[in-house]
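Letter by letter, the chains look like this.
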Amino acid sequence: MIKVTPSPRKGDMFDANITQRRNRVACLQEGGRNWIKRWGLLLNGKQPFQDSAMATEGETWTTVQKHDGVLSFDDVDHPYGDEDEAALEAEVNGNWTPQEKALHEARLKAKAKRRVRKSSSRSESLSESLSGELADGDSYSSKGKVPVPNDRKSRTGKGRGLPKKGGAGGKGVWGAAGMVYEVEEPDVKDPNYDEVAQGDTVYATVVPEVDERELEKTVNPIVREYFEHGDTKEVQMLLKELNLGHHKYEFSSLAVSLSLEGKASHRELTSRLLRDLVGKVLSESDMARAFDKILKELPDLMLDTPEAPQMLGQFIARAIADHALPMAFLDRYKGKVDCDHARAALDRAAVLLSMKREMVRLDNVWGVGGGLRPVKHLVKEMNFLLKEYLVSGEVKEAERCLRDLEVPHFHHELVYEAVVMVLESKGDTAVKMCKLLQAFWKIGLITVDQMNRGFQRVYDELPEINLDVPHAHSIMESFTDLCYQESVITKQLRDSCPSRGRKRFVSEGDGGLIKN
């Protein structure tokens with residue numbers, strides 16, 4: 001009779017495997033505790049176990065051979081005996097699958113290798129502590145050690161193991177002990193130079209110095225514009241914006257040269273400009289250098305302006321009176337001038353300064369220019385001009401005097417004064433005045449508007465004039481007819497002349513006939 005043994009169930013086999021694994025883990029843990037106890041006693045200098053088997057095993061661990069700092073796996077005794085390994089292998093072969101068996105063997109080998117590494121390092125440190133000798137005579141030898149990153153100790157195995165160059169070698173180090181660093185000024189040429197990082201930065205506008213060849217082109221527009229507006233403060237502002245450098249004094253010489261070619265009002269404005277620039281933009285020494293240069297260039301200036309010596313003398317006298325030039329300017333040239341024109345200019349300045357009440361006279365040395373003159377002064381000048389013409393009869397001189405007044409907008413006053421003189425005088429005054437007005441009309445010195453305005457003013461004031469001059473209306477009619485015949489006035493202006501005569505429409509002895 002055959003007895004059939006039932007095959008184990010799948011659940012029973014799983015429980016058995018779990019039990020076996022737990023047992024093996026417990027054995028491994030117990031073995032680890034025993035090894036820890038043995039090594040602790042050995043490091044304290046005590047004999048770990050009395051039996052010969054354990055003593056022999058301890059000696060084996062302390063006398064392990066070293067091969068280049070690594071212990072071989074074959075020289076180390078395994079923590080398990082041969083019988084335990086055989087039983088464990090049989091158990092595995094009986095119940096584990098091939099995959100589990102291979103995994104288990106790999107784990108055992110890895111554990112054994114870790115124990116070999118730990119035991120080799122412990123044995124090396126232990127042998128050094130017991131013998132008290134250095135391995136190969138150098139405790140800092142790097143043989144068999146893994147280099148540490150950023151380690152500054154020597155890796156050649158030589159020296160005392162101190163940092164290279166006492167800590168002062170290499171880039172980005174603090175330097176040797178006791179080294180004192182001085183403050184280094186940043187180099188502008190350094191590629192890494194940062195202007196913003198240098199602290200407070202001051203930005204200034206750099207104006208290049210005006211070249212001597214371009215100086216005249218720069219200064220002439222400023223002076224000519226000043227002749228139009230007459231504002232000295234604007235000129236000061238423009239000069240401060242320019243970097244004239246050591247050519248600063250030449251501005252005064254150029255301004256005087258331009259005014260010599262211009263009108264009397266331009267010369268008056270130039271004298272005022274020189275007075276206002278001293279102490280703010282120019283100094284007295286700069287002004288003296290400017291007039292020195294003009295005196296040297298005086299022969300060339302006379303080619304365009306024959307009266308340049310007299311005008312320059314007036315400029316020098318006015319500048320000294322305005323404290324723009326030092327008082328000793330004329331004294332420097334006494335007996336040292338070879339040029340006749342320069343000597344004439346200096347003599348003219350000395351004469352003007354020696355006159356009584358020179359300050360008052362020198363303020364008007366150029367006269368009062370154009371519209372800056374009071375109206376009463378202009379009326380007086382025009383009356384004097386007409387009276388001088390009636391005496392001399394020179395039309396050219398009258399034309400020059402009228403142009404020097406520089407009041408083209410006030411020429412209607414000349415026409416008015418001329419007509420009033422004709423009404424108040426006798427003789428050939430009307431013919432001479434008509435000739436003068438005709439000359440001014442032809443050369444364009446008096447415009448149509450100014451001529452009409454002058455005659456119209458006389459028309460409006462004729463009733464008042466008639467109180468002093470009873471025959472004013474008849475004289476006015478005859479003078480307008482003469483001017484119309486000489487093409488001085490228009491027909492419309494002649495017809496608008498007022499007439500005041502005693503016109504009787506019915507005569508007393510004509511039988512009541514109406515007169516034509």
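Just above, that's the structure.
For clarity, every value in this text was computed on a predicted model and none was experimentally measured.

Caption draft 1: Highlighting the overall build of the protein. Scanning the protein from N- to C-terminus turns up 20 helices and zero strands. Across the 516 residues of the protein, 32% fall into the buried class. Sequence-distant contacts, at least 24 apart, represent 65% of the contacts inside the protein between residues at least 6 apart. Accessible surface computed for the protein: about 35300 Å², of which carbon and sulfur atoms make up 53%.

Caption draft 2: Summary view of the packing of aromatic side chains. Throughout the structure, instances matching the rule amount to four aromatic pairs. Ring geometry for Phe-291 versus Phe-329: centroids 6.4 Å apart, planes at 65°, classification edge-to-face. Taken as a pair, Phe-291 in helix α9 (residues 284–296) and Phe-329 in the loop between α11 (308–321) and α12 (340–354) lie far apart in primary sequence, 38 residues in all. Both residues of the pair, Phe-291 and Phe-329, belong to the buried class. An aromatic cluster of three or more residues is present, and its members are Phe-291, Phe-329 and Tyr-333. For Arg-289, the ring lying beneath its charged end belongs to Tyr-249, and the centroid distance is 3.9 Å.

Caption draft 3: Fine view of the pattern of salt bridges. Per the stated rule, a full pass over the model turns up 15 salt bridges. As a salt-bridge pair, Glu-268 and Arg-272 come within 3.1 Å of each other at their nearest N and O atoms. Here Glu-268 pairs with Arg-272, and both are found in helix α8 (residues 264–277), just four residues apart, close to one helical turn. With a closest N to O distance of 3.2 Å, Arg-403 and Glu-399 form a salt bridge. Pair noted here: Arg-403 and Glu-399 are both in helix α15 (residues 395–405), with a separation of four residues, about one helical turn. The class for Glu-399 is buried, based on a relative accessible area of 16%. A cluster of three or more residues bridged by salt bridges with shared partners is formed by Glu-268, Arg-272, Arg-318 and Asp-322.

Caption draft 4: Representation of the packing of helix α16 (residues 411–424) against helix α17 (residues 429–442). Taken N-terminus to C-terminus, the directions of α16 and α17 make an angle of 165°; their axes are 9 Å apart at the nearest point. On the basis of the axis angle, α16 is roughly antiparallel to α17. The hand of the α16/α17 crossing is left-handed. Along its contact with α16, which presents Leu-414, Val-415, Ala-418, Met-421 and Val-422, the element α17 presents Thr-429, Ala-430, Met-433, Leu-437 and Phe-440.

Caption draft 5: Inspection of the environment of Arg-289 at higher detail. Within the fold, Arg-289 resides in helix α9. In this structure Arg-289 comes out as partly exposed when scored by relative accessible area, which is 42%. For the pair Arg-289 and Ser-253, spaced 36 residues apart in sequence, the C-alpha to C-alpha distance is 8.7 Å. Leaving out residues up to four positions away in the same chain, Arg-289 has contacts with His-246 and Tyr-249.

Caption draft 6: A look at unusual backbone geometry. Backbone geometry places His-323, a non-glycine residue, at a positive phi of 60°. On the basis of relative accessible area, His-323 is assigned to the exposed category, the value being 56%. One non-glycine residue, Ser-487, lies in positive phi territory at about 60°. Following the sequence through the fold, Ser-487 ends up in the loop between α19 (472–485) and α20 (491–495).

The rules behind the values
- Residues numbered from 1 in each chain as written.
- Predicted model: local features only at pLDDT ≥ 70, side-chain atom pairs only at ≥ 80, totals over all residues.
- Heavy atoms only, no water.
- Helix = DSSP H or I, 4+ residues; strand = E, 2+ residues; numbered from the N terminus.
- Buried < 20%, exposed > 50% of the residue type's maximum accessible area, 1.4 Å probe, protein only.
- Contact = heavy atoms within 4.5 Å.
- Areas by Shrake-Rupley, 256 points an atom, 1.4 Å probe, with all protein chains shown as cover.
- Phe/Tyr/Trp six-rings, centres within 6.5 Å; stacked < 30°, edge-to-face > 60°.
- Lys NZ or Arg CZ within 6 Å of the ring centre and 35° of its normal.
- Salt bridge = Lys/Arg side-chain N within 4 Å of Asp/Glu carboxyl O.
- Axes fitted to C-alpha atoms, helices over the stretch in contact; angles between N-to-C directions.
- Parallel < 35°, antiparallel > 145°, perpendicular 65-115°, else oblique.
- Left-handed = near helix turned anticlockwise from the far one by under 90°.

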